[in-house]
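One letter stands for each residue in the lines below.
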Amino acid sequence: MIMELSGRTPLGSLTDKWEKHKNELKLVNPSNKRKFSVIVVGTGLAGSSAAATLAELGYNVTAITYNDSPRRAHSIAAQGGINAAKNYQNDGDSVWRLFYDTIKGGDFRAREANVYRLAQVSGNIIDQCVAQGVPFAREYGGYLANRSFGGAQVSRTFYARGQTGQQLLLGAYQALSRQVGLGKVNLLTKKEMMDVVVVDGRAHGVVIRDLVDGKIESLTADAVLLCTGGYSNVFYLSTNAKACNVTAAYRAYKRGALFANPCFTQIHPTCIPVSGDYQSKLTLMSESLRNDGRIWVPKERGDTRLPNLIPEIERDYYLERKYPSFGNLSPRDIASRAAKEVCDDGRGVGPGGKGVYLDFADAISRLGRKVIEDRYGNLFEMYQRITGEDPYSVPMRIYPAVHYTMGGLWVDYNLMSNVNGLFVLGEANFSDHGANRLGASALMQGLADGYFIIPYTVGGYLASTGPGTHTEAVRNKAAEAVQHSEEKITRLLAINGKRTPTSFHRELGKIMWDKCGMARNEQGLQSALVEIPQLRDEFWNNLRVPGTGEELNQSLEHASRVADFLEFAELMVRDALHRKESCGGHFREEFQTEDGEAKRNDNDFTYVAAWEYNGNNAPLMHKEHLHFENVELATRSYK
């Protein structure tokens, strides 16, 4: 049966909703908090901050990571910065402007109330992190520095050179470590979530596998928080860490959680181009570089001269030409499509013509090399080590690549999925970014969810339900879930075919990039719906996983994750096929304006598409209609 979903958004004015909601949520008495247990899966920014805060409040917390330390979470790779509406530059910023820029940047496909709340608490994040000792960049007089990012005309991005994610994660990690030391958090490392224990529509725990000895067991709790990041590695080549996967979210989906807007993936315009078929991941160059770097290609096709030999008059600074108001700081989806457009026109640079120049010559001449080194030194060093080229002397070469995922498990205003007690935080949920994420908003969402939202909403849920994890029904369901996970591992090891998990993953990634990537069309998507099941069938008949399940076996880990990608990819394609419009990072070639911009269809698609698992049949789609009462649905323009 098709459901009409409600985000359970509080009534009242947009500016007052969150304060009103906090005042109305039920509370758990401090002495009763220790009677409740919470499982947090994932220890990146969202997971570490949530686990530390809930433990500080008095709950019994178990935090789970498949890494050997929370410090290895992919959050550490974020480079450019974190947004907050502090208006330190006195340039006209405000909570409202941050809210509007985020709604507009997501092409009006996000829930108003969630996005406004994110903007509201953004300033608290900076105060929290400064108190933790996060070394944000500062102006000469000691004030915190800000820089610009794409999609905004104010400077609201706080940063720590090109290591912002690392420094923020260290702040959250030390808060988590304190609670581990106090015995309030049980930290389990090298454990991977395999399943969710659900009884009568309520989450009661998870199934985990020890990645060292292969032991599979269940853990029960009164609430489960999934903080497991995004699924960009479905494309094989992405900016994500190699271990990032969709398994936790997809297994929750198969237990009844709705998956919202899975085709909404973000293409980042500033990545080092692919260098060969041997490559297993891509490297991001921070969007902050677009503050001082100018992007261009030769005006003439097939111009193979060295960049420094091409005169200024023969260069096309295409972002500055097409989008004069925002120029090189146009949003990521727009900058990415523009780069693809000039490369498809035969004016790309580097091997295969799959690159554009990011040039700092003007900035170095204007500001001096020392200033550029202070702002971006580690990024320049990283680029030189990877490419062997000195970006102080010659322009960087960049090209778009898969980066973030705006789709994720559906959640309501309280960040709870449709499965009671299963909360989803950070990139793992769908809630705040619509069809495209503005830069420097991922770190903001992860910490907002963990530090300032989930402590209230989890408490409201637990106060309404009471403890209930130790019943016979829960124990029986947990045992079933353990057995199911053991059977899947046994099946993977028993195939004994000829192909590696990596070979299947690479082939799936090519299908997804070609048919459901930066540009999509109905013919390609229909073709993918034929190719993916065929590849999946071969996987289950010709996969080879050496070793056993009772030892450290990274081939087995990868095979299990690829098995989920092979199912999830089909869901992504179905979602992309049904949405007959172009919006944000989702560009359907059939739906574009005369000048090649995305053509939205607000009459038919102003909703969240939330998919329900339906066994071997086609998934069922439910809709949450989006209501815009405070902003006008306008054609997005950055010109």
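Model, not experiment: these values are computed from the prediction.

1. Brief notes about the domain arrangement of the protein chain
Often the size quoted for an interface is simply the accessible area lost on bringing the parts together. Segmentation of the protein chain into domains returns domain 1 (268–401) and domain 2 (474–605). A C-alpha centroid distance of 31 Å is found between domain 1 and domain 2. The interface is formed by nine residues belonging to domain 1 together with nine residues belonging to domain 2. Around 750 Å² of area is buried between domain 1 and domain 2 when both sides are counted, 55% of it from carbon and sulfur atoms. Contact with domain 2 buries area across many residues of domain 1, yet Asp333, Arg337 and Lys340 alone supply 56% of it, more than any other trio. Mapped onto the side of domain 1 that touches domain 2, the elements with two or more residues apiece are α9 (332–347) and β15 (396–405). A total of four residues in the side of domain 1 that touches domain 2 trace back to one element, the largest contributor, which is α9.

2. A word on the packing of helix α3 (residues 45–57) against helix α12 (residues 442–465)
Direction vectors running N to C along α3 and α12 enclose 20°, while the axes themselves pass 8 Å from each other. As summarised for this structure, α3 and α12 are arranged roughly parallel, according to the angle between their axes. The two elements α3 and α12 cross, and the hand of that crossing is right-handed. Where α3 approaches α12, its residues Leu45, Ala46, Ser49, Ala50, Thr53, Leu54 and Leu57 are matched on the opposing element by Leu443, Gly446, Leu447, Gly450, Tyr451, Ile454 and Pro455. The class makeup of the residues in the contact of α3 with α12 is 10 nonpolar, four polar and no charged.

3. Comments concerning the pattern of salt bridges
For the coordinates displayed, the defined rule picks out 54 salt bridges. Note that arginine 561 and glutamate 192 form a salt bridge whose closest N and O atoms lie 2.9 Å from each other. With arginine 561 in helix α16 (residues 554–578) and glutamate 192 in strand β6 (residues 191–199), the pair connects residues that are 369 residues apart, well separated along the chain. Classification of arginine 561 as buried rests on a relative accessible area of 9%. What makes glutamate 192 buried here is its relative accessible area of 6%. When salt bridges with common partners are traced through the structure, they connect Asp107, Arg109, Asp333, Arg579, Glu581, Arg600, Asp602 and Arg636 into a single cluster.

4. A word on the sheet that holds strand β16 (residues 408–409)
With antiparallel pairing, the four strands of this open sheet are ordered in space as β16-β10-β18-β19. Since the sheet does not close on itself, it has two edges, and those belong to β16 and β19 (620–625), each with one partner. Bridge analysis of strand β10 (residues 259–260) against strand β18 (residues 607–612) gives two bridges, and the strand direction is antiparallel. Paired with alanine 260 across the strands is alanine 610, a residue of β18.

5. What to know about unusual backbone geometry
In the Ramachandran plot, asparagine 87 falls in the positive-phi region, its phi being about 55° despite a non-glycine side chain. In this structure, asparagine 87 sits in the loop between β3 (82–83) and α4 (95–105). Judged by relative accessible area, which is 25%, asparagine 87 ranks as partly exposed. Not every positive phi belongs to a glycine, and aspartate 200 is a case in point at roughly 55°. Judged by its relative accessible area of 81%, aspartate 200 is exposed.

6. Observations regarding helix α13 (residues 472–494)
Between the first and last C-alpha of α13 there are 33 Å, a value that for 23 residues agrees with the 33 Å anticipated at 1.5 Å per step. Residues Val474, Ala478, Ala481, Val482, Ser485, Lys488, Ile489 and Leu492 constitute the buried set of α13. Buried residues in α13 make contact with β6, β7 (202–210), β8 (216–220), α7 (247–254), α15 (522–542) and α16. Within two residues after α13, asparagine 496 carries a phi angle of roughly 60°, on the positive side.

7. Concerning the side chain of asparagine 436
Relative to the helices and strands, asparagine 436 resides in the loop between β17 (422–424) and α12. For asparagine 436, the contacting residues outside a window of four places in its chain are Gly105, Gly106, Gln266, Pro331, Arg332, Asp333, Met406, Gly584, Gly585 and Arg636.

8. With respect to the layout of surface pockets
By volume, the second largest pocket is sized at about 840 Å³. Around the second largest pocket, the lining comprises 33 residues; the ones closest to its centre are Leu237, Val274, Lys510, Trp513 and Asp514. Put simply, the parts of the chain that give the lining of the second largest pocket at least two residues each are α9, β15 and α14 (501–516). Here the lining of the second largest pocket takes seven residues from α14, the largest share from any one element. The two domains that each donate at least three residues to the lining of the second largest pocket are domain 1 (268–401) and domain 2 (474–605).

9. Points about empty space enclosed by the protein
A full pass over the atoms with the stated rule returns five cavities of 30 Å³ or more. Space inside the largest cavity adds up to approximately 50 Å³. Lining of the largest cavity is provided by Lys322, Tyr323, Ile334, Arg337, Ala338, Glu341, Gly596 and Glu597. Of all the elements, α9 adds the most residues to the lining of the largest cavity, at four residues. Looking at the lining of the largest cavity residue by residue, the class counts come to three nonpolar, one polar and four charged.

Each value, and the rule that gives it
- Residues numbered from 1 in each chain as written.
- Predicted model: local features only at pLDDT ≥ 70, side-chain atom pairs only at ≥ 80, totals over all residues.
- Heavy atoms only, no water.
- Domains from an automatic or database assignment.
- Contact = heavy atoms within 4.5 Å.
- Buried area = accessible area lost by both parts, 1.4 Å probe.
- Helix = DSSP H or I, 4+ residues; strand = E, 2+ residues; numbered from the N terminus.
- Axes fitted to C-alpha atoms, helices over the stretch in contact; angles between N-to-C directions.
- Parallel < 35°, antiparallel > 145°, perpendicular 65-115°, else oblique.
- Left-handed = near helix turned anticlockwise from the far one by under 90°.
- Nonpolar A, V, L, I, M, F, W, Y, C, P; charged D, E, K, R; others polar.
- Salt bridge = Lys/Arg side-chain N within 4 Å of Asp/Glu carboxyl O.
- Buried < 20%, exposed > 50% of the residue type's maximum accessible area, 1.4 Å probe, protein only.
- Pairing = 2+ DSSP bridges.
- Expected span 1.5 Å × (residues − 1).
- 1 Å grid on protein atoms, 1.4 Å probe; cavity = no way out; pocket = protein on both sides within 12 Å on 5 of 7 lines; lining within 4 Å.
- Points joined across faces, edges and corners; volume = space filled by probe spheres on them.

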